[in-house]
Amino acid sequence: MRRFSIFIIAFSIILFLSKSGFSQDFIAKGQVVDNNGKGLEALIEVKKSKTNSVRLKLLANPKGEFEVAVNRDDHLVFSHLGYQTIVMSTFSDNPIQVVLVDSITELDAAIVSGTRVGVGSRESSMSDLIISGNEIRNAQNITFAGSLENIPGISTMNLGVGVSKPVIRGLSFNRILVNDKGIKQEGQQWGADHGLEIDSHDVDRLEIIKGPNSLIHGPDAMAGVLNILPEPPLQTDGLEGGISLDYQSNSQYFGQSVHLKGRKDDFYFMGRLTINSHGDYQIPADSYVYAGYVLPIFNERLKNTAGNALHFSATAGKILNRGKSQLTISRFGQEAGIFIGAVGIPTAYSLEDDGNSRDIGFPRQINTHWKVISNSNWTLGSRSIELDLGYQRNIRQEESLPHVHGVGPTPSGNLALGLDLRTFTGNYREVLTINSETRLSYGLMVQAMINEYDGFEFLLPAYRSFLAGGYLILNQTIQERFHWNAGIRLDGNILSIDEHLQPIYDRLQPTGEFDQRNPDIERRVLRPSFSGGISWEIDQYQILKANIGSGLRFPTPIELASNGIHHGNFRHERGNAELIPERSYQLDLAYSLARKKLSFGVTPFASVYQGFIYLAPSGSFSPLPGSSTLWEYKQDDAIFFGGEISATYKSDFNLDFNLGMDYVWNYNFESELPLPLTPPFSLLTGLVYRYELQNSWIRNLSFGIDFRKVAAQNRVARNERITLGYQLFNLNFRTEFTMVRRNLALNFGVKNLTNQFYFNHLSRYRLINIPEPGRNIIMGLSIPLKQNKSFESYEK
């Protein structure tokens, strides 16, 4: 609490100092359209006229509408794939219409028919993409991670209905860094059954970076970064919001989300409340295999997999003369049952239908994630400064009927495993614009974590961790079309893990002796990392990028000191106190071609890992009952190859064709086998027909069909099962209509149209022969609380 008090005091000082600030000089608002008057979801950059440095990036909404606050010395840059860039330096109080002309293409991150083609911003040597919250919600997925699975190179690791985690280029867990409003999300992300405690409705803009990005974001960014950007405040005084209603037939999912934001002079606020619930997980199967036994699945439902969630967030802030400062408080709460047939020794009787598909019994998990985040940014001459402070508390409780694993008398209470993680984070970043061609970026990061445990089971001991790092990056532009960057970073980690002693009993009586489940571990490690690359705009249609960098990851406490049954993976897992930091060296290439009708992108990569950490069977049986083989953490050198291809073609008949594919190949030098949990080759194609109705209460109709082909995964690690290939068909329909003077948006979709029986190679349920969900009908309704306004015309 003392550190939390210091955090609050620091934010109060920032807010106090900001009171001398004044609001921006102008509000630029309007609509971006093409030659035919169709709205474009264009990229809008606010740049300082003197230094040409980017002060703010945002996307116009799907209709091309935008509002942004600008200063007297700012100018606006409007760009979209397949269109000529427009620069504005004069503004008025009236709405404007910005018309982008065909034929000249700028290769910045932008939305093209809902598919990501291209390689990101012109100056970055990494493949970075920015997608809007609307695109995430239109993916029609319950979880935040699941909403990204249509992007080439990204897949998901699923557990039932409401739990999933992202996988980038075959890597997940602590090798993906998730930033929420400048603060690294810290939960118990090491578990396959632990999802991201993030509400997809509460994501306004998301930056996706593939490849190692430890330089800016710190250790753990081995595979990439999911960077949730803060939602911008209203640009004018007023109040607006919206209501979202969601339904899914599989598991009878119902969700509601309410969003409200407002502004008065220089002060603004935002808030969201999301509530959802679902019944038991429904699959096209009537039996499964667990511990060598074939057990029944009644009514094609997995008993006790229902769940519910409640999320809220509230933000208050103040607009400064050269920036803004805000404070956000949020809570994500989730309660979900754990399939009763995958814990302990299930019986046919315990699996029988109890007549209530929405009740949550034992075993179950209760997850709560609190966050308090302060974001401040301002400019001082040629310097742009950001300061982010954060406090998180992640509480995970796994409850079950009292039982023991042969080590003592039956305990009291239902708390099997309780984990309480508190995290304090501070990030300082600064960009110094030396001239219009050269920028110097530098920053510092500190993080402190305290983890405690409780319950009658043991898996992870108590520990304390302190992490600190700093970086320096130089960016330079040569002759407008050639950009290069290089940087270095230094990180240090101090880790202290407590010893855990398990009492030994004889005929339920204590002997006075103890079994050491894990020893005391003290670590002090200091490691550098580096990155450098180029971005070359070959001509007005093409861009080529190359980046080479090193990734760094310190072994986690679960990898060093775990020793117990992990019910999420159905096995006994034991850590390895001899593990050393994991290091990667990766080469990323990217090529993009973008014309008015055709867009194409390819992003290959190759990486070498020194000391890649993974779980493998030990070759011996666990001494704990009901856990079969003992698994241990190992460390070997490995290599990865792969890449992604994406394309979009826009015809003259309102018909768009989309294509995306990805592949990952890896090899363990020690075992001479692949690494576990490697995603197979995946191909996704789609057709979208769009039709605009004029002067009607129904507008902007779109019909789409997707086809996904996933190859068999025959390259597996030792003791890992192969997975057969499969193909899926998905349908979607979207429209906008007017009712009671409100512009409503309706989404309707069918996933797994043919009710295909298939296994996801990354799903933990595959370990016990449980397939993925069957046919799923999805509906969503969005009700905005703000109406459109007319616009005056502005052309170049």
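Quick caveat: nothing in here was measured; it's all calculated off a predicted structure.

### Brief notes about the overall build of the protein
Link 1 in the chain: Of regular secondary structure, the protein possesses four helices and 45 strands.
Link 2 in the chain: Out of the 796 residues in the protein, the part that is buried amounts to 57%.
Link 3 in the chain: In the protein, the share of contacts with a sequence separation of at least 24, taken over all contacts with a separation of at least 6, comes to 67%.
Link 4 in the chain: By element, 57% of the accessible surface of the protein is carried by carbon and sulfur atoms, the whole surface being about 33000 Å².

### Side note on the pairing of strand β2 (residues 43-48)
Link 1 in the chain: For β2, the tally of buried residues reaches six of six residues, placing the bulk of the element in the interior.
Link 2 in the chain: With burial as the criterion, each face of β2 is covered, one bearing Leu43, Glu45 and Lys47 and the other bearing Ile44, Val46 and Lys48.
Link 3 in the chain: Here five bridges tie β2 to strand β3 (residues 54-59), and the two strands are oriented antiparallel to one another. Bridge pairing in β3 links Val46 to Leu56.

### A short note on the pairing of strand β27 (residues 438-454)
Link 1 in the chain: Here strand β26 (residues 415-435) pairs with β27 via 17 bridges, running antiparallel. When the sheet's bridge partners are listed, Leu419 is paired in β27 with Tyr453.
Link 2 in the chain: Between β26 and the antiparallel strand that follows it, β27, lie two residues.
Link 3 in the chain: Summarising the sheet, β27 and strand β28 (residues 463-478) pair through 14 bridges and their orientation is antiparallel.

### Quick look at the confidence of the model for the protein
Link 1 in the chain: Across the protein, the average pLDDT comes to 84, with 87% of residues at or above 70.
Link 2 in the chain: Every residue in residues 1-24 is under pLDDT 50, and counting partners more than four places away or in other chains gives 37 contacts.
Link 3 in the chain: Taken as a whole, residues 787-796 scores under 50 in pLDDT and shows 29 contacts with residues more than four places along the chain or in a different chain.

### What about unusual backbone geometry?
Link 1 in the chain: Geometrically, the link from Phe362 to Pro363 is a cis peptide bond, its omega value of -5° lying close to zero.
Link 2 in the chain: Looking at the element boundaries, Pro363 is found in the loop between β23 (323-337) and β24 (364-380).
Link 3 in the chain: At Asp220, a position not held by glycine, the phi torsion is positive, near 90°.
Link 4 in the chain: Relative to the elements of secondary structure, Asp220 occurs in the loop between α3 (214-217) and β14 (224-229).
Link 5 in the chain: Assessed through its relative accessible area of 8%, Asp220 is described here as buried.

### Thoughts on the nonpolar core
Link 1 in the chain: If you look at the biggest cluster of nonpolar residues, it comprises 27 residues, and the most contacted ones within it are Phe144, Leu148, Leu206, Leu226, Phe612 and Phe640.
Link 2 in the chain: For this core, the leading source of residues is strand β37 (residues 598-621), giving five residues.
Link 3 in the chain: Not counting chain neighbours up to four residues away, the residues in contact with Phe640 comprise Arg169, Leu171, Phe605, Ala606, Ser607, Tyr609, Phe612, Val664, Trp665, Asn666 and Leu675.
Link 4 in the chain: Grouped together as the second largest cluster of nonpolar side chains are 19 residues, Met449, Leu459, Ala561 and Leu615 included.

### Remarks on the sheet that holds strand β12 (residues 183-184)
Link 1 in the chain: Read from one edge of the open sheet, five strands run β8-β13-β14-β11-β12, paired in mixed fashion. Of all the strands in the sheet, the pair left with one neighbour each is β8 (127-132) and β12.
Link 2 in the chain: Examined bridge by bridge, strand β13 (residues 205-210) and β14 share six bridges and lie antiparallel to one another. Across the sheet, the residue bridging to Ile209 is Val225, located in β14.

### Section: the side chain of Gln392
Link 1 in the chain: Structurally, Gln392 can be placed in strand β25 (residues 383-399).
Link 2 in the chain: Within the local environment of Gln392, its side chain forms a polar contact with the side chain of His369, the two groups lying 3.0 Å apart.

### Remarks on the environment of Glu573
Link 1 in the chain: Position of Glu573 among the secondary structure elements: in strand β35 (residues 571-574).
Link 2 in the chain: Accessibility expressed as a relative area gives 2% for Glu573, which makes it buried.
Link 3 in the chain: What Glu573 contacts, discounting residues up to four positions off in sequence, is Ser562, Asn563, Gly564, His566, Leu615, Trp631 and Tyr633.

### Some thoughts on the environment of Tyr667
Link 1 in the chain: Position of Tyr667 among the secondary structure elements: in strand β39 (residues 655-668).
Link 2 in the chain: Considered as a pair, Tyr667 and Arg715 are 48 residues apart in the sequence and their alpha carbons are 9.5 Å apart.
Link 3 in the chain: Those residues within four positions of Tyr667 in sequence are excluded, and the remaining contacts are Asp637, Ala638, Ile639, Glu672, Leu673 and Arg715.

### Things to note about the pattern of salt bridges
Link 1 in the chain: For the structure shown, the criterion picks out 28 salt bridges.
Link 2 in the chain: For Glu644, the salt bridge identified is with Lys210, shortest N-O distance 3.7 Å. Of this pair, Glu644 sits in strand β38 (residues 629-650) while Lys210 is found in strand β13, placing the two residues 434 residues apart along the sequence.
Link 3 in the chain: According to the relative accessible area criterion, Glu644 is buried, its value standing at 5%.

### Comments concerning the sheet that holds strand β5 (residues 74-79)
Link 1 in the chain: Here we have four strands laid out as an open sheet, ordered β3-β2-β5-β6, and antiparallel in their pairing. Looking at the sheet topology across the chains shown, the edges are occupied by β3 and β6 (86-88). Each strand of the sheet is rotated relative to its neighbour by a mean of 20°, with strand direction disregarded.
Link 2 in the chain: Pairing of β5 with β6, which is carried by three bridges, proceeds in the antiparallel orientation. Bridge pairing in β6 places Phe78 opposite Ile86.

### Observations regarding the packing of aromatic side chains
Link 1 in the chain: Using the criterion set out here, one finds 19 aromatic pairs in the structure.
Link 2 in the chain: A ring pair is formed by Tyr281 and Tyr765, whose centres lie 5.9 Å apart and whose planes are at 25°; its orientation type is stacked. You can see Tyr281 sitting in strand β18 (residues 281-282) and its partner Tyr765 sitting in the loop between β43 (742-751) and β44 (776-784), a full 484 residues away along the chain. Taken individually, Tyr281 and Tyr765 each receive the classification buried, so the pair is uniform in this respect.
Link 3 in the chain: The interplanar angle of 50° and the centroid separation of 5.1 Å between the aromatic rings of Tyr391 and Phe424 together place this pair among those described as tilted.

Reading the values: the criteria
Residues numbered from 1 in each chain as written. Predicted model: local features only at pLDDT ≥ 70, side-chain atom pairs only at ≥ 80, totals over all residues. Heavy atoms only, no water. Helix = DSSP H or I, 4+ residues; strand = E, 2+ residues; numbered from the N terminus. Buried < 20%, exposed > 50% of the residue type's maximum accessible area, 1.4 Å probe, protein only. Contact = heavy atoms within 4.5 Å. Areas by Shrake-Rupley, 256 points an atom, 1.4 Å probe, with all protein chains shown as cover. Pairing = 2+ DSSP bridges. pLDDT = per-residue confidence, 0-100. Core = buried A, V, L, I, M, F, W, Y, C linked by side-chain atoms within 4.5 Å. Polar contact = N/O pair within 3.5 Å; in protein donor to acceptor, adjacent residues only side chain to side chain. Salt bridge = Lys/Arg side-chain N within 4 Å of Asp/Glu carboxyl O. Axes fitted to C-alpha atoms, helices over the stretch in contact; angles between N-to-C directions. Phe/Tyr/Trp six-rings, centres within 6.5 Å; stacked < 30°, edge-to-face > 60°.

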